[in-house]
Amino acid sequence: MTTSAPSRSPKWPMIVNYAIAFVSAAIAAVVAFAVLPSWGADPALLFLCVVVLVVLAAGPGPAALASVLTFLSLQYPLLAPGYPFVLQSSEIIRLGLFFVASVLVVVLSAAQTRTSASLQLLGNSKEMMIGELQEQNDRLRVENAEHSEAVTRARAAEQEIRLIVDTVPALIARYRADGFMDFRNKNWREYTGLSQDNFGGRRWGSALHPDDEEMVEREWREHIATGEPFELEQRLRKADGEYRWHRIRRVPLRGETGEVINWYAIAFDIDDRRRTEDALRNSEADLAKARHELQLIIDTVPVLVLRHRADGIIDYVNEVGRTYSGLTATKWTTRTSIITHPDDVPRL
């Protein structure tokens, strides 16, 4: 942005300023040589005043012209008949002082004009700088407000996530890339009765069952090396000292380049399910044993035992019956026994 320096002269065309200088010098010459001689006054003072007025009215350029014209006007008496060709020292001093004074006035005026222009430019630059700083300050204020709002939202989101992690009905833990735990959620701490800092130098802290340590460490070493998620079942100690089985799933969190940053694990209590499964397996074993014992009883009782389907077809004969009939390998598929006397079949 370019700003022109202001001038002390009015904003009219330059030729008018020089016209003012010329007319002022001419009027001063007329007054100096037509009026002042009768008064006995020195015209140099009048001419100097004219130069000052032209400086104030039109600026240093026209003032320089006025200085030249008035200086030449001062030479007019030297052209009069009878004036000695050799100037007196007082006349030389008077002309020299006038010349020096007029030049000084012009130079000072030019310097003042340049100074004013520089100050104006500095003022304009200062205003522009202040405006730019104000704009930057406004932008920074808006950015700070947005940043503060973003930080507030981030903190609220972080707090909400922490609440979710702490209230989800499962044990949640975070591990470093080397497999050591560095975070436990609230349920984990309350379940085990261990603080956030009490890890005991173990992967799952000091809550891991001693008999499961070797298995867990083996699985950890294998999957930390591969970076693959995995699941396992292990026992964790409750706050009351009871060990219960848990299903553990661990998954890695990877960075932009694929390296593992953290591991996250979630554990579900499956002790009741395992107890139920064990009881079911035991019940099935007991049932199979009971069936076997019943089969032995049926096969050894000293009577013939047959079983018929709903349609009357025989589908089972005990060992005594098969031995009695001698048909140990024959499949009985009739309503009446194969060993029944023919005369009795119609009645049966």
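Undergrad: How do you make sense of the overall build of the protein chain when you look at a structure like this?
TA: A count of helices and strands for the protein chain gives 9 helices and 7 strands. The contacts in the protein chain between residues at least 6 apart in sequence include a share of 43% that link residues at least 24 apart. In the form shown here, the protein chain has an accessible surface area of approximately 22,700 Å², with 61% of it arising from carbon and sulfur atoms.

Undergrad: Would you take a moment to explain the packing of aromatic side chains for this structure?
TA: In this description, an aromatic ring pair is defined by two values, namely the gap between the centres and the angle between the planes. Inspection of the entire model under this criterion finds 4 aromatic pairs. Ring centres 5.6 Å apart and planes at 75° place the aromatic pair W220 and F230 in the edge-to-face group. Taken as a pair, W220 in helix α7 (residues 213–226) and F230 in strand β3 (residues 230–237) lie far apart in primary sequence, 10 residues in all. Plain terms: the ring middles of W220 and W263 are 5.3 Å apart, the flat faces sit at 85° to each other, and that makes the pair edge-to-face. Of this pair, W220 sits in helix α7 while W263 sits in strand β5 (residues 260–269), and the two are 43 residues apart along the sequence. The exposure class assigned to W220 is buried, which follows from its relative accessible area of 0%. Among the residues examined, W263 registers a relative accessible area of 1% and is labelled buried. Linked through ring pairs, Y175, W220, F230 and W263 together constitute an aromatic cluster.

Undergrad: Can you help me understand the pattern of salt bridges in this one?
TA: Pairing is possible between side chains of opposite charge, provided their charged atoms come close. Applying the stated criterion to the full structure yields 21 salt bridges. The shortest N-O distance in the salt bridge between E231 and R249 comes to 3.2 Å. Here the residue E231 occupies a position in strand β3, and R249 occupies one in strand β4 (residues 243–254), the gap between them amounting to 18 residues. The partner of E233 in a salt bridge is R247, and the shortest N-O contact between them spans 3.3 Å. Pair noted here: E233 is in strand β3 and R247 is in strand β4, with a separation of 14 residues, a long-range link. According to the relative accessible area criterion, R247 is partly exposed, its value standing at 31%. Overlapping salt bridges bring together E231, E233, R247, R249, R273, R274 and E277 as one network.

Undergrad: Mind showing me how you'd approach the sheet that holds strand β2 (residues 181–184) here?
TA: The strands that make up a sheet pair up through hydrogen bonds in the backbone, lying either parallel or antiparallel. Reading across the sheet, the 5 strands line up as β2-β1-β5-β4-β3 and stay open at both edges, with antiparallel pairing between neighbours. Single-partner strands in this sheet number two, and they are β2 and β3. Put simply, the sheet's adjacent strands are angled 30° from each other on average, direction ignored. On top of the sheet, α7 reaches β1 (171–176), β3, β4 and β5; it is set at about 145° to β3, its chief contact.

Undergrad: Looking at this structure, I do not really get the confidence of the model for the protein chain. What am I missing?
TA: Reading predicted coordinates in detail is not appropriate for stretches of low pLDDT. In this model, the protein chain carries a mean pLDDT of 78, and residues with pLDDT of at least 70 account for 76%. The low-confidence segment residues 1–9, where pLDDT is below 50, has 14 contacts with residues more than four positions distant or belonging to other chains. Here residues 82–87 scores under 50 on pLDDT; set against residues more than four positions off or in separate chains, the count is 6 contacts.

Undergrad: When you look at the environment of A19 in this model, what are you seeing that I'm missing?
TA: By the secondary structure assignment, A19 is in helix α1 (residues 14–34). Residues A19 and A58 lie 39 residues apart in sequence; the distance between their C-alpha atoms is 9.4 Å.

Undergrad: Honestly, the environment of R184 in this entry has me stumped. Any pointers?
TA: Turning to its location among the elements, R184 is positioned in strand β2. Given the relative accessible area of 0%, R184 is considered buried. In the structure, R184 is positioned 13 residues away from L171 in sequence and 7.8 Å away in space, judged by C-alpha atoms.

Undergrad: Help me understand the pairing of β4 in this model?
TA: Regular strands have side chains that alternate between both faces of the sheet. Two strands pair when backbone bridges link them, and β3 and β4 are joined in this way by 8 bridges, in the antiparallel orientation. The partner of Q234 across the bridge, within β4, is H246. Between the antiparallel neighbours β3 and β4 lie 5 residues, among them G241 with a positive phi of about 95°. Summarising the sheet, β4 and β5 pair through 9 bridges and their orientation is antiparallel. Counterpart to I248 in the pairing with β5 is A267. The antiparallel hairpin formed by β4 and β5 contains 5 residues in its connecting segment, where G258 sits at a positive phi of about 95°.

Undergrad: What should I look at first to understand α7 in this one?
TA: Residue pairs three or four apart in sequence face the same way in an α-helix, which turns once every 3.6 residues. In this model, α7 (14 residues) spans 20 Å end to end at C-alpha, consistent with the 20 Å of a helix rising 1.5 Å per residue. Buried residues of α7: V216, W220 and H223, and no others. For α7, the arc enclosing every buried residue in end-on projection is 85°, short of the 170-degree limit, so these residues lie on one face. Away from its buried face by more than 90 degrees, α7 exposes E214, R221 and A225. Considering only its buried residues, α7 is in contact with β1, β3, β4 and β5.

Criteria and thresholds
- Residues numbered from 1 in each chain as written.
- Predicted model: local features only at pLDDT ≥ 70, side-chain atom pairs only at ≥ 80, totals over all residues.
- Heavy atoms only, no water.
- Helix = DSSP H or I, 4+ residues; strand = E, 2+ residues; numbered from the N terminus.
- Contact = heavy atoms within 4.5 Å.
- Areas by Shrake-Rupley, 256 points an atom, 1.4 Å probe, with all protein chains shown as cover.
- Phe/Tyr/Trp six-rings, centres within 6.5 Å; stacked < 30°, edge-to-face > 60°.
- Buried < 20%, exposed > 50% of the residue type's maximum accessible area, 1.4 Å probe, protein only.
- Salt bridge = Lys/Arg side-chain N within 4 Å of Asp/Glu carboxyl O.
- Pairing = 2+ DSSP bridges.
- Axes fitted to C-alpha atoms, helices over the stretch in contact; angles between N-to-C directions.
- pLDDT = per-residue confidence, 0-100.
- Expected span 1.5 Å × (residues − 1).
- Arc of directions from axis to C-beta.

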